[in-house]
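Next come the chains, spelled out residue by residue.
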Amino acid sequence: MLSTFQMRDGEFGPFQYRIMEYDEPTQSLIPVDLTNKSISFVLYEREQQTGGTYLENVFASGSCEVLDAEDGWVQAAFPTVSAGWFRVEFPVESATMKRVYPRFDDQLIEVT
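Model, not experiment: these values are computed from the prediction. (Residues numbered from 1 in each chain as written. Predicted model: local features only at pLDDT ≥ 70, side-chain atom pairs only at ≥ 80, totals over all residues. Heavy atoms only, no water.)

## As for the nonpolar core
I19, F41, L43, V74, F78, F90 and I109 are the most contacted members of the largest nonpolar core, which totals 22 residues. Listed by contribution, the elements that provide at least two residues to this core are strand 2 (14-18), strand 5 (38-48), strand 6 (54-68), strand 7 (73-77), strand 8 (84-93) and strand 10 (106-111). Residue contributions to this core peak at four residues, all from strand 8. With sequence-adjacent residues up to four places away left out, I19 is seen in contact with I30, P31, V32, L34, I39, G72, V74, F90, V92 and Y101. (Core = buried A, V, L, I, M, F, W, Y, C linked by side-chain atoms within 4.5 Å. Buried < 20%, exposed > 50% of the residue type's maximum accessible area, 1.4 Å probe, protein only. Helix = DSSP H or I, 4+ residues; strand = E, 2+ residues; numbered from the N terminus. Contact = heavy atoms within 4.5 Å.)

So, in structure tokens, the structure goes:
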């Protein structure tokens, strides 16, 4: 599954996102509990290449503010960018685990 957010050039600022994961027993997405975890973001700039492949370069990275730990909500302060396509990942880390979300799809952002 591919998720896409659209933003206008110049509106790129704080980005709120709900970190979710697939729950096998209920076969649905549930929020990740972010209590006592460190969350960051990595923003990749995407360029389409010939043959349908993509070249991705790290554009920005930083820490996230947790808005609601139990319900999986975070906020990232993205830099201002010009028009283009971007992909964002959210590494979540604790003393006993490290995962990158979204785990099963790409979170794309189109800036027009």
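After presenting the structure, the write-up continues.
## Considerations on unusual backbone geometry
Cis rather than trans, the peptide bond between Y101 and P102 has omega equal to -5°. In this fold, P102 is placed in the loop between strand 9 (98-101) and strand 10. Positive phi, close to 50°, is recorded for Q27, a residue that is not glycine. Within the secondary structure, Q27 sits in the loop between strand 3 (20-23) and strand 4 (28-31). The class of Q27 is exposed, set by a relative accessible area of 58%. Even without being a glycine, N36 presents a positive backbone phi close to 60°. By secondary structure assignment, the location of N36 is in the loop between strand 4 and strand 5.

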